[in-house]
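# Results of the structural survey
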Number of protein chains: 2
Amino acid sequence: MNHIQGDLIYEGKAKRIYTTKNPDEVLVEFKNDATAFNAKKHSKIDGKGRLNCLISVALFKLLETSGIKTHFLELQSETLFLAKKITIIPLEVVIRNVATGSLCRETPIIEGTKLDPPLLDLYYKDDELGDPILTEARIKLLDFIDDLHLQEIEKIAREVNLILVKYFFLLDLSLVDFKLEFGFDVDGNLIVADEISPDNCRLWDRTKSDPKDRILDKDRFRQDLGGVIDAYGEILKRIQGNSRKAT
Amino acid sequence: MNHIQGDLIYEGKAKRIYTTKNPDEVLVEFKNDATAFNAKKHSKIDGKGRLNCLISVALFKLLETSGIKTHFLELQSETLFLAKKITIIPLEVVIRNVATGSLCRETPIIEGTKLDPPLLDLYYKDDELGDPILTEARIKLLDFIDDLHLQEIEKIAREVNLILVKYFFLLDLSLVDFKLEFGFDVDGNLIVADEISPDNCRLWDRTKSDPKDRILDKDRFRQDLGGVIDAYGEILKRIQGNSRKAT
């Protein structure tokens, strides 16, 4: 159905990765599974995979046109895209423009504080350890990434933030925070991987003032607010409306 | 009984602080309370306050003779010492020479790994937030300490580590890790405060090989190993034996 003929090489909480005939390329399939709090909360939401796939593809294309290298190659179906095969770096890079979520549980920073410059937090990607936050000293100790590549990752993440903040602003959306993952392609280039969707971006509707109504991201699932598909669909609608205006 | 005539100005998990007639000095009283896991586990252990007070005083004197400024002024009774009044900095500075405890729960570093250079972790001192670990970026954001003082704190903490590692080695003890707290005295000097005792140092007996037998610190309480007072008493005995040899 989905043109998948390769072998499953990885299954995560929200995606599956398959081999293709080309050893340098993989297929990325989006699932409908919704998980939160390190998968302690789990559900299936029909249509979520499609929305996250189409939103991610639109954002990867946007980044590529701005000179940021990503793993995206070609959309294959509404839940499937072809991507460069990468060696993933076990880092979750989180950029925060407004304080909320774990930052406010772990520091006395008040919910809603504007963060200027944006705060960059690095987490070790490891479900068993609960994706712990990493200090610079602990990154050095773990020794899985050298200083120069880490600096490059931080530079790219901040560039991606500038591009996405501006883009979403024009769609009347506030990019509150988001997570990026990086990998090396077969040529050793550092590239943006994984997905960029309402599953790992906090997006608030700037046309709404109610703190719950404005949430258009996975916090609707985390906080049992309902309307996940409507919210994700609203983001895709605005992205597609913008593409039509641009063409 | 304890010559305390001042007002109680602070009560923590293991100590009480009282005013004195001199506004620049306070009395530090050690309690017998034992707490762990952010006070979720709590008990009283007769004699612990005395041992922690006498051990701390011996170690503060050792640091002072090595040129490290501390808040200690004078022992008043076996559970009470006179100290400089300080403004505490809400930082817990942890130096680790061997990987154990939370480091091994939060990273894939193997228990018992020797850390060279020693790892320095900074935590935000806030019981309600569970003393969260701080990245450099989060320290900047919280803005409670400037860069220069932070550098000085890290430098002093590493010097204290060198002094204590050597000292304990001569007593056949391994200093696995320990926590320091710092404050500013009334003249604005950065000084080592709080206590330095088996409540906040991990100390292993180098004459024992069994991983449980060798523990002479609060891990005996955390892990329900029993023998807390015997362990703390053994440390004080070795410290006092060393003083007698030296005089």
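This next bit is on the overall build of chain A. Along chain A, the regular secondary structure elements total six helices and 14 strands. Its C-alpha radius of gyration of 17 Å places chain A within 12% of the 18 Å reference for a compact globule of 247 residues. For chain A, the spread of C-alpha atoms along the three principal axes comes to 50 × 45 × 40 Å. Sorting the 247 residues of chain A into buried and exposed places 51% on the buried side. Sequence separation of 24 or more characterises 57% of the internal contacts of chain A that already satisfy a separation of 6 or more. Surface exposure of chain A reaches about 12000 Å², of which carbon and sulfur atoms provide 50%. Side chains of chain A give 36 positive and 42 negative charges; the mean places of these two sets differ by 4 Å.

A word on the relation of the copies chain B and chain A. Turning chain B through 180° and shifting it by 0.0 Å along the axis lays it on chain A, with an RMSD of 0.0 Å. The superposition operator between the copies reduces to a two-fold rotation axis. Rotation axis and chain B: the residue whose C-alpha lies nearest the axis is B:Thr135, separated from it by 2.4 Å. Most of the interface of chain B is mirrored in chain A, where 100% of its interface residues are also at the interface.

Residues and elements named next belong to chain A. In terms of domain boundaries, chain A breaks down into domain 1 (8–84) and domain 2 (87–226). Computed over C-alpha atoms, the centres of domain 1 and domain 2 are 17 Å apart. Taken together, the contacts link 29 residues of domain 1 with 27 residues of domain 2. A per-residue breakdown of the area domain 1 buries against domain 2 is headed by Lys41, Leu59 and Ile68, which together make up 21% of the total. For the pair domain 1 and domain 2, the number of links is five salt bridges. Here Lys13 makes a salt bridge to Asp127, at a shortest N to O gap of 3.2 Å.

Moving on, we come to the packing of aromatic side chains. For the coordinates displayed, the defined rule picks out ten aromatic pairs over all chains. An angle of 65° between the planes, with centres 5.7 Å apart, marks the rings of A:Tyr167 and A:Phe168 as edge-to-face. Here A:Tyr167 falls in the buried class, since its relative accessible area comes to 12%. The exposure class assigned to A:Phe168 is buried, which follows from its relative accessible area of 0%. An aromatic cluster is defined as three or more aromatic residues linked by ring pairs; in this entry it consists of A:Phe30, A:Phe60, A:Phe72 and A:Phe81. A cation sits over an aromatic face here: B:Lys15 above B:Phe30, 5.7 Å from the ring centre.

Attention now goes to the sheet that holds strand S9 (residues 91–98) of chain A. Within a sheet, adjacent strands bond to each other through the backbone by hydrogen bonds, running parallel or antiparallel. All names here are of chain A. Spatial ordering of the open sheet is given by S10-S9-S11-S14, a layout of four strands whose pairing is antiparallel. Of all the strands in the sheet, the pair left with one neighbour each is strand S10 (114–124) and strand S14 (201–205). Strand-to-strand twist in this sheet, taken as the mean axis angle between neighbours without regard to direction, amounts to 15°. Its contacts with the sheet put helix H4 (residues 147–170) on S9, S10, strand S11 (173–180) and S14, and the angle it makes with S11 is roughly 155°.

Residue and element names in this part refer to chain A. What the three strands build is an open sheet, ordered S8-S12-S13; its pairing is antiparallel. In this open sheet, the two strands that pair with only one neighbour each are strand S8 (86–88) and strand S13 (190–192). Each strand axis lies, on average, 40° off the axis of its neighbour in the sheet, ignoring direction. Each of strand S12 (182–185) and S13 is contacted by H4, which is oriented at about 30° to S13, the strand it contacts most.

Now for helix H1 (residues 48–65) of chain A. Residue and element names in this part refer to chain A. Between its terminal C-alpha atoms H1 stretches 26 Å, which fits the 26 Å expected from 18 residues at 1.5 Å a residue. By the criterion of burial, H1 is predominantly enclosed, with 13 of the 18 residues buried. Gly67 occupies a position one or two residues after H1 and carries a positive phi of about 90°.

Below, the discussion takes up the confidence of the model for chain A. Confidence in the prediction of chain A, expressed as mean pLDDT, is 95, and 97% of residues score 70 or more. For this predicted complex, the interface confidence comes out at an ipTM of 0.91, alongside a pTM of 0.93.

On to a negative patch on the surface, then. On the surface, A:Glu136, A:Asp143, A:Asp146, A:Asp147, B:Glu136, B:Asp146 and B:Asp147 cluster together into a negatively charged patch. Secondary-structure assignment places A:Glu136 in helix H3 (residues 136–142).

This part takes up the layout of surface pockets. Counted as a void, the second largest pocket has a volume near 550 Å³. Surrounding the second largest pocket, 22 residues form its lining, A:Glu136, A:Ala137, B:Leu120, B:Glu136 and B:Glu154 being those nearest its centre. Of all the secondary structure elements, the ones that give two or more residues to the lining of the second largest pocket are H3 of chain A together with strand S10 (114–124), helix H3 (136–142) and helix H4 (147–170) of chain B. Examining the composition of the lining of the second largest pocket, we find that six residues originate from one element, S10(B), more than from any other. Each residue belonging to the lining of the second largest pocket can be placed in one class, and the counts come to eleven nonpolar, three polar and eight charged.

All names here are of chain B. As paired elements, strand S1 (residues 8–11) and strand S2 (residues 15–19) share three bridges and run antiparallel to each other. Note that in S2 the partner of Glu11 across the bridge is Arg16. Counting the residues that bridge the hairpin from S1 to S2 gives three residues.

Definitions and limits used
Residues numbered from 1 in each chain as written. Chains lettered and ligands numbered in written order. Predicted model: local features only at pLDDT ≥ 70, side-chain atom pairs only at ≥ 80, totals over all residues. Heavy atoms only, no water. Helix = DSSP H or I, 4+ residues; strand = E, 2+ residues; numbered from the N terminus. Rg over C-alpha atoms; globule rule 2.2 N^0.38 Å. Buried < 20%, exposed > 50% of the residue type's maximum accessible area, 1.4 Å probe, protein only. Contact = heavy atoms within 4.5 Å. Areas by Shrake-Rupley, 256 points an atom, 1.4 Å probe, with all protein chains shown as cover. Lys, Arg positive; Asp, Glu negative; His and termini not counted. Charge placed at Lys NZ, Arg CZ, Asp CG, Glu CD. Least-squares fit on C-alpha atoms with pLDDT ≥ 70 in both. Domains from an automatic or database assignment. Buried area = accessible area lost by both parts, 1.4 Å probe. Salt bridge = Lys/Arg side-chain N within 4 Å of Asp/Glu carboxyl O. Phe/Tyr/Trp six-rings, centres within 6.5 Å; stacked < 30°, edge-to-face > 60°. Lys NZ or Arg CZ within 6 Å of the ring centre and 35° of its normal. Pairing = 2+ DSSP bridges. Axes fitted to C-alpha atoms, helices over the stretch in contact; angles between N-to-C directions. Expected span 1.5 Å × (residues − 1). pLDDT = per-residue confidence, 0-100. Patch = residues over 30% accessible without salt bridge, like charges linked within 9 Å, V, L, I, M, F, W, Y side chains within 5 Å. 1 Å grid on protein atoms, 1.4 Å probe; cavity = no way out; pocket = protein on both sides within 12 Å on 5 of 7 lines; lining within 4 Å. Points joined across faces, edges and corners; volume = space filled by probe spheres on them. Nonpolar A, V, L, I, M, F, W, Y, C, P; charged D, E, K, R; others polar.

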